[in-house]
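Below, each chain spelled out in residue letters.
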Amino acid sequence: MTTPTATPVATTARLARLVEEVRAVVDRGLPPDLTAYLVGERLAPHLGASDLLTPEQCAGDPERYRQHVLHAERDGGFSIVALVWLPGQRTSIHDHVAWCVTGVHQGEEHERRYRLVSDGLAARLVATQDVVNRQGEVCGFAPPGDIHRVWNGGDGTAISLHIYGADISRLGSSVRRVYEQPTDEQ
């Protein structure tokens, strides 16, 4: 699904400050939805800052969106990942292993959200909302109810920061489950 990269050798002072701010929130041990909200408040002021990421952490992959693991907390409490999207690159429809906060650092990130509905015999996905998140915008969620697809619908590179309540360097991905695409979508 993505091209993972190893934990970078270098980090920026701004990223180090963000790690400390996120750690202070996560260490409070609050419920996942409140943790995501508070982490989003800490992430927002850093988005778009030229000193947040190194040039290597902004590099894409022509084959698929690229995942740069920027930080993974030693105790597994959270990870910070930069996702770099070239035009047209997208995820599958998926949900997550833990709470997540995303913020757009550059460009825009398109998202379609889904709800799983069941008639007692079978379950199916229903699209509930289309969202375009622009530079500086933050959103967060906590499972359950976090099924979505994300893509770069713009003409240029998009970069988003994702902060997960799990150790992505160990897991390799934040994805818990991949869903089949509804037949009424392309």
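Right above here is the structure, for reference.
Because the structure is predicted, anything quoted here is derived from the model rather than measured.

**With respect to the overall build of the protein chain**
Here comes step 1: Per the secondary structure count, the protein chain includes three helices and 11 strands.
Here comes step 2: From first element to last, N terminus to C terminus, the protein chain shows the α and β order β-α-α-β-β-β-β-β-β-β-β-β-α-β.
Here comes step 3: In the protein chain, once contacts between residues fewer than 6 apart in sequence are set aside, the share between residues at least 24 apart is 79%.
Here comes step 4: Summing over all exposed atoms, the protein chain offers an accessible surface of approximately 9,300 Å²; the carbon and sulfur share of this is 49%.

**Some words on the nonpolar core**
Here comes step 1: Ranked by size, the top nonpolar core spans 24 residues in total, and within it Val39, Phe78, Ile80, Trp99, Leu161 and Ile163 carry the most contacts.
Here comes step 2: Among the elements of the structure, α1 (13-26), α2 (32-43), β3 (79-85) and β10 (158-164) are those that each provide at least two residues to this core.
Here comes step 3: A total of six residues in this core trace back to one element, the largest contributor, which is α1.
Here comes step 4: Among residues more than four places away in sequence, those in contact with Leu161 are Leu18, Leu43, Leu52, Leu53, Leu70, Ile80, Val81, Ala82, Val101, Thr102, Gly103 and His105.
Here comes step 5: Counting residues in each nonpolar core, the second largest holds 13 residues, with Val69, Cys100, Val150 and Ala158 among its members.

**Here's the deal with the packing of α1 against α2**
Here comes step 1: Following both chains from N to C, one finds α1 and α2 inclined at 160 degrees, their axes separated by 9 Å at the closest point. In terms of orientation, α1 lies roughly antiparallel with respect to α2. The handedness of the crossing between α1 and α2 is right-handed. When α1 is examined against α2, the residues Leu18, Glu21, Val22, Val25 and Val26 are found in contact with a partner set consisting of Thr35, Leu38, Val39, Arg42 and Leu43.
Here comes step 2: Split by residue class, the contact of α1 with α2 holds seven nonpolar, one polar and two charged.

**With respect to the packing of aromatic side chains**
Here comes step 1: If you walk through the whole model with that rule in mind, you get one aromatic pair.
Here comes step 2: Measuring from ring centre to ring centre gives 4.5 Å for Tyr65 and Trp85, while their planes differ by 20 degrees; the resulting arrangement is stacked. Linking Tyr65 in the loop between α2 and β2 (66-72) with Trp85 in strand β3, this pair joins segments that are 20 residues apart in sequence.
Here comes step 3: For Tyr65, a relative accessible area of 5% gives the class buried.

**Thoughts on α2**
Here comes step 1: Here α2 spans 16 Å end to end across 12 residues, near enough to the 16 Å set by a 1.5 Å rise per residue.
Here comes step 2: Residues of α2 that are buried include every one of Thr35, Ala36, Leu38, Val39, Gly40 and Leu43, and no others.
Here comes step 3: Considering only its buried residues, α2 is in contact with α1, β5 (100-106), β8 (138-141) and β10.

**Comments concerning the environment of Asp75**
Here comes step 1: Within the secondary structure layout, Asp75 lies in the loop between β2 and β3.
Here comes step 2: The spacing of Asp75 and Ala166 is 91 residues in sequence and 9.2 Å in space, taken between C-alpha atoms.
Here comes step 3: For Asp75, the side chain forms a polar contact with the main-chain nitrogen of Gly77, separated by 2.8 Å.

The rules we used
- Residues numbered from 1 in each chain as written.
- Predicted model: local features only at pLDDT ≥ 70, side-chain atom pairs only at ≥ 80, totals over all residues.
- Heavy atoms only, no water.
- Helix = DSSP H or I, 4+ residues; strand = E, 2+ residues; numbered from the N terminus.
- Contact = heavy atoms within 4.5 Å.
- Areas by Shrake-Rupley, 256 points an atom, 1.4 Å probe, with all protein chains shown as cover.
- Core = buried A, V, L, I, M, F, W, Y, C linked by side-chain atoms within 4.5 Å.
- Buried < 20%, exposed > 50% of the residue type's maximum accessible area, 1.4 Å probe, protein only.
- Axes fitted to C-alpha atoms, helices over the stretch in contact; angles between N-to-C directions.
- Parallel < 35°, antiparallel > 145°, perpendicular 65-115°, else oblique.
- Left-handed = near helix turned anticlockwise from the far one by under 90°.
- Nonpolar A, V, L, I, M, F, W, Y, C, P; charged D, E, K, R; others polar.
- Phe/Tyr/Trp six-rings, centres within 6.5 Å; stacked < 30°, edge-to-face > 60°.
- Expected span 1.5 Å × (residues − 1).
- Polar contact = N/O pair within 3.5 Å; in protein donor to acceptor, adjacent residues only side chain to side chain.

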